[in-house]
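Geometric and topological summary
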Amino acid sequence: MKKLICILIGAFMITSCSDGSEPYIKPEGGGPAPVETVYNHLRAKEIFDLINQYYKAGNMFKENYPAQSGDAAYSFLWPYDAMVSGAAQLHSLGYNVRYTEIVDGYEKYFVTAAHGNSIGGYGSSTDGSKGGSTRFYDDNSIVGISLLEAYKITQDVTYLQRAARIVPFLESGIDSKLGGALWWNEDFKYSQASADANKPACANGYATLFLLEYYKVCPQSEKQHILSVATALYTWMRSNLYDPATKCYWNDRNANGSINTTLWTYNAAVMVQNGIRLSEITGNPQYLEEAKITAQGAYDYFVKIRNGILSYTDTDPWFNTKLLRAYIDLAPYDEKAKTYIDTYSNFINNGYNKARTQAGFFFEDWTGAKQGRYYSLLMQAAVVESYGALGMYKKEKVN
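Quick caveat: nothing in here was measured; it's all calculated off a predicted structure.

**Details of the confidence of the model for the chain**
With 91% of its residues at a pLDDT of 70 or more, the chain has an overall mean of 93. Note that residues 1-27 has pLDDT below 50 and, in this model, 60 contacts with residues that lie over four places away or in other chains.

Have a look at this one:
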């Protein structure tokens, strides 16, 4: 099987060009295929503009287009965060996409207090002015990562201050049950008898990543504590959710102690990123080795021939986007990452050519076999972030 995959990877391999573009061989049979020059940044901007045409709700975004039964007026926080991440890539590439305005939209999800405590955090929904619904620890960590990215890009200390507010909220979600670590969301922390109460890879993995990013810019007086919490969460993940068979990470550990062994690309991705950062911060090469092992494990487990194309999973492209970001982070340390990234590039370009609606939006399934939940903002924002990240990786510049 590995030999077959290697042959196929070779067939689809992409060669970098000095102008930041890549020659793309369309994966269609019937004689020599024409060479198409692909500019990732143009495709990212194309889908971003379509989103702004069809998904806008005032200065916010809708959850779905076409609208689905039960839709609220504005998107949930998760897809909104995906839009912020995509806008960050486009802004860094040189586009004017009102980036800071989009980042500032996070504040419309902020909730000052819940469950009788006065700890602020970002809610999973908004009425257009303030946040509501459940406050998820993974959502808040991902918001924090985006705020720190905004601080890095703009040097506006406001974003650093907003990110700092997330630290106490995350710490409030940690207790000694199951040996430590974060619950999935605040409601379940207070309702541990619920069948859905669990401590998942997403909450703990992304909290670790946020804390390690915050460590780089936080006051010196906070650094020891922040690193200690992040390391403890990483260690809990390794002890409780690491799958030695696949080298990936199981989904969660339930309050009753049972393990949900479902594997997702983004849970592997975040632990690759965490291993890289812990290695950089501590100088311990074991963390980087663990990152490389999980990176290879994720590629071996998730990448398969689907509908005639070597593909990452054919559902939930936002999860795959996070694995791409991890592989790009890994590239300076592991030459295998180029193969992982090139396969992804070929996969998304297949989607561009063979898996889009009449309006131009991507199917959920980039192999083209089925449309899936193409109407979700999350699905389209994942395309923007993926193409934007590839454009940054290829060092493309907007003319």
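**A short note on the pattern of salt bridges**
Per the stated rule, a full pass over the model turns up 21 salt bridges. As a salt-bridge pair, Asp-316 and Arg-373 come within 2.9 Å of each other at their nearest N and O atoms. Note that Asp-316 is positioned in the loop between β13 (309-311) and α13 (317-330) and Arg-373 in the loop between α14 (337-354) and α15 (377-393), a separation of 57 residues in sequence. Classification of Arg-373 as partly exposed rests on a relative accessible area of 35%. Where salt bridges share partners, they join Asp-104, Glu-107, Arg-162 and Arg-165 into one cluster.

**Details of the packing of aromatic side chains**
Counted under the stated rule, the structure contains 35 aromatic pairs. With centroids separated by 5.4 Å and ring planes inclined at 85°, the aromatic side chains of Trp-78 and Trp-318 adopt a geometry described as edge-to-face. Here Trp-78, found in helix α3 (residues 77-93), pairs with Trp-318, found in helix α13; they are 240 residues apart in sequence, far enough to count as distant. Seen in terms of ring centroids, Tyr-266 and Trp-318 are 5.8 Å apart; in terms of plane orientation they differ by 65°. Their pairing is edge-to-face.

**Quick look at the sheet that holds strand β11 (residues 259-263)**
What the three strands build is an open sheet, ordered β9-β10-β11; its pairing is antiparallel. Two strands bound the open sheet, and with one partner strand each, they are β9 (198-200) and β11. For this sheet, the mean inter-axis angle between neighbouring strands, taken without regard to orientation, is 20°. Note: β9 against strand β10 (residues 250-254), three bridges, orientation antiparallel. Along β10, the bridge assignment pairs Lys-199 with Arg-253. On the sheet, helix α9 (residues 201-217) packs against β9 and β10 and is oriented at approximately 45° with respect to β9.

**As for the layout of surface pockets**
Gaps left between atoms are located by rolling a probe of water-molecule size over the structure's atoms. Each pocket or cavity is described by its volume, and for the largest pocket that value is around 1000 Å³. Along its surface, the largest pocket is lined by 38 residues, and Glu-149, Lys-152, Arg-277, Arg-325 and Asp-329 are the ones closest to its centre. Take the lining of the largest pocket: its biggest share by element is eight residues, from helix α5 (residues 137-154). Of the residues belonging to the lining of the largest pocket, the class tally is 17 nonpolar, seven polar and 14 charged. Space inside the second largest pocket adds up to approximately 360 Å³. Contributing to the lining of the second largest pocket are 16 residues, with Trp-78, Asp-138, Trp-184, Cys-202 and Tyr-266 lying nearest its centre. Elements supplying a minimum of two residues to the lining of the second largest pocket: α5, β9, β10 and α13. Ranked by residue count, the leading element in the lining of the second largest pocket is α5, at three residues.

Conventions adopted
- Residues numbered from 1 in each chain as written.
- Predicted model: local features only at pLDDT ≥ 70, side-chain atom pairs only at ≥ 80, totals over all residues.
- Heavy atoms only, no water.
- pLDDT = per-residue confidence, 0-100.
- Contact = heavy atoms within 4.5 Å.
- Salt bridge = Lys/Arg side-chain N within 4 Å of Asp/Glu carboxyl O.
- Helix = DSSP H or I, 4+ residues; strand = E, 2+ residues; numbered from the N terminus.
- Buried < 20%, exposed > 50% of the residue type's maximum accessible area, 1.4 Å probe, protein only.
- Phe/Tyr/Trp six-rings, centres within 6.5 Å; stacked < 30°, edge-to-face > 60°.
- Pairing = 2+ DSSP bridges.
- Axes fitted to C-alpha atoms, helices over the stretch in contact; angles between N-to-C directions.
- 1 Å grid on protein atoms, 1.4 Å probe; cavity = no way out; pocket = protein on both sides within 12 Å on 5 of 7 lines; lining within 4 Å.
- Points joined across faces, edges and corners; volume = space filled by probe spheres on them.
- Nonpolar A, V, L, I, M, F, W, Y, C, P; charged D, E, K, R; others polar.

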